[in-house]
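# Residue-level structural notes
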Amino acid sequence: MGNKALIDWHSMFMGVALLASARSKDERTRNGACIASADHRILGVGYNGLPRGCSDADPVYWSDQDEDPYLSRHSYVVHAEMNAILNCVTLPLTGSRIYATQFPCPRCTQSIIQVGITEVVWLRRKPHQARANEASLKMLREAGVAIVSLNEADAGAEAWVMALDQHITGTPGPT
C-alpha cells in the first residue's frame, strides 16, 4: 500500500454533509447533514430543501416575510438534519452521530434526541440564533447528547472541510 493520505472519519462524514449541502436550492443558507453509525457506516444524508413534490420554482416557498407564515420560507423548508433522519436506511439511530454543517435548531434537536442520536458534530453557528442555540443546548445536555464543534472534535478535520467548502463554493480561502 502506498503513502496516500487517508482522511479521518470526522473529515469524511462532515465532508459528506458539506457535499450534500451543495444540492440545496436555498440561496440564503445551504446546509447538509450526515448520520454515521458507531462503526462508521453512513445511515442517512440530507440537505435543506422543499418537501418532495413542491416546486422549487414557486417563489412563495422562498419568501422572506417571516411575520406571515404563508410567505415565510421557514414554513416550507425541511432542514438538513430532519431530511437526514427521514432518509435513514435504518431506525432507531441509537448510538449514532450526526454531522451538520449548521448548529441544529430546536426542532431538529427534538428529532435528533427522539431517534437516539448520541452525538452532534457541527461546523457553523449563526450568531443571530443565540437564543435558539441555547434552547437546543438545554435539550441536548438534559438528554445526555454530546455536542461538539468540528474544530473541537478535530481541528485538522475542520481545516480539510473548510478547504473542501472553498472548492465547492468557489470562494477563496483566508489570506
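Residues numbered from 1 in each chain as written. Predicted model: local features only at pLDDT ≥ 70, side-chain atom pairs only at ≥ 80, totals over all residues. Heavy atoms only, no water.

### Quick look at the side chain of Ser-21
Quick note on the threshold: Per the convention used, a helix needs a DSSP run of H or I reaching at least four residues, while a strand needs a run of E reaching at least two, with both numbered from the N terminus. A simple rule labels every residue: compare its accessible area, found with a 1.4 Å probe on the protein chains alone, to the largest value its type can have, and call it buried under 20%, exposed over 50%, or partly exposed in between.
Counting through the fold element by element, Ser-21 comes out in helix H1 (residues 9–21). With relative accessibility at 6%, the residue Ser-21 sits in the buried group.

### Some points on helix H3 (residues 106–114)
Stated formally: This arc corresponds to the set of directions leading from the helix axis out to the C-beta atoms. Here, residues are in contact when the closest pair of their heavy atoms is within 4.5 Å.
By the burial criterion, the buried members of H3 are Cys-108, Thr-109, Ser-111 and Ile-112. Buried positions in H3, seen along its axis, are confined to an arc of 165 degrees and lie on one side of it. Seen from the open side of H3, the exposed residues pointing more than 90 degrees away from its buried face are Arg-107 and Gln-114. Buried residues belonging to H3 abut helix H2 (80–86), strand S3 (97–102), strand S4 (119–124) and helix H4 (130–143).

### Comments concerning the sheet that holds S4
We apply this condition: What makes two strands pair is DSSP finding at least two bridges between them. Between N-to-C directions, angles span 0 to 180 degrees; the directions come from axes that are lines fitted to C-alpha atoms, helices contributing only their stretch in contact.
If you walk across this open sheet you meet the five strands as S2-S1-S3-S4-S5, and the pairing is mixed. For this open sheet the edge positions go to strand S2 (42–47) and strand S5 (146–149), each flanked by a neighbour on one side alone. Geometrically, the sheet is characterised by an average inter-axis angle of 15 degrees between neighbouring strands, direction not taken into account. Pairing analysis gives four bridges linking strand S1 (residues 32–36) to S3, with the strands arranged antiparallel. Residue Ile-35 lies in a different strand from S3, and its bridge partner there is Ile-98. Packing against the sheet, H1 makes contact with S1, S2, S3 and S4, and its axis sits at approximately 50 degrees to S3.

### Things to note about the packing of aromatic side chains
Short version of the rule: For this analysis, a ring pair means two rings from Phe, Tyr or Trp (six-membered ring only for Trp) whose centres lie within 6.5 Å, classed as stacked if their planes differ by under 30 degrees, edge-to-face if by over 60, and tilted for the remaining angles.
Applying the stated rule across the entire model yields four aromatic pairs. The interplanar angle of 40 degrees and the centroid separation of 5.6 Å between the aromatic rings of Phe-13 and Tyr-99 together place this pair among those described as tilted. Of this pair, Phe-13 sits in helix H1 while Tyr-99 is found in strand S3, placing the two residues 86 residues apart along the sequence. Judged on exposure class, the residue Phe-13 and its partner Tyr-99 are both buried.

### With respect to the environment of Ile-147
Note that Ile-147 resides in strand S5. Through-space distance from the C-alpha of Ile-147 to that of Ile-112 is 11 Å; in sequence the pair is 35 residues apart. When sequence neighbours within four positions are dropped, the list of residues in contact with Ile-147 reads Phe-103, Pro-104, Val-120, Trp-122, Leu-137 and Leu-140.

### Remarks on H4
Helical geometry: 3.6 residues make up each α-helical turn, so side chains three or four residues apart lie on a common side. Test applied: A helix is expected to reach a length of 1.5 Å times the quantity of its residues less one.
If you check H4, its first and last C-alpha atoms are 20 Å apart, about what 14 residues at 1.5 Å a residue would give, namely 20 Å. Every buried residue belonging to H4 is among Asn-133, Ser-136, Leu-137 and Leu-140, and all of these are buried. Buried residues in H4, looked at end-on, bunch into an arc of 100 degrees, giving them a common side. Looking at H4, the residues exposed on the side facing more than 90 degrees away from the buried face are Arg-131, Lys-138 and Glu-142. Looking at the buried residues of H4, the elements they touch are H3, S4 and S5.

### Structural notes on the state of the cysteines
Where two cysteines share a covalent bond between their sulfur atoms, that bond is called a disulfide. The following threshold applies: Disulfide assignment relies on a single distance test, namely cysteine sulfur atoms paired within 2.5 Å.
Tallied over the full model, the rule gives zero disulfides. You can see Cys-108 has no disulfide; the closest cysteine sulfur is in Cys-105, sitting 3.7 Å from it.

### Quick notes on the pattern of salt bridges
Pairing is possible between side chains of opposite charge, provided their charged atoms come close. Rule in force here: When a carboxyl oxygen of Asp or Glu lies within 4 Å of a side-chain nitrogen of Lys or Arg, that pair is called a salt bridge.
A complete count under the given rule lists nine salt bridges for this structure. Note that Arg-73 is salt-bridged to Asp-26, the shortest N-O span being 2.6 Å. Remark: Asp-26 occurs in the loop between H1 and S1 and Arg-73 occurs in the loop between S2 and H2; sequence separation between them is 47 residues. The salt bridge involving Asp-39 is made with Arg-41; its shortest N-O contact spans 3.3 Å. A relative accessible area of 48% places Arg-41 in the partly exposed class. Linked by salt bridges that have partners in common, Asp-26, Arg-28, Asp-64 and Arg-73 make up one network.

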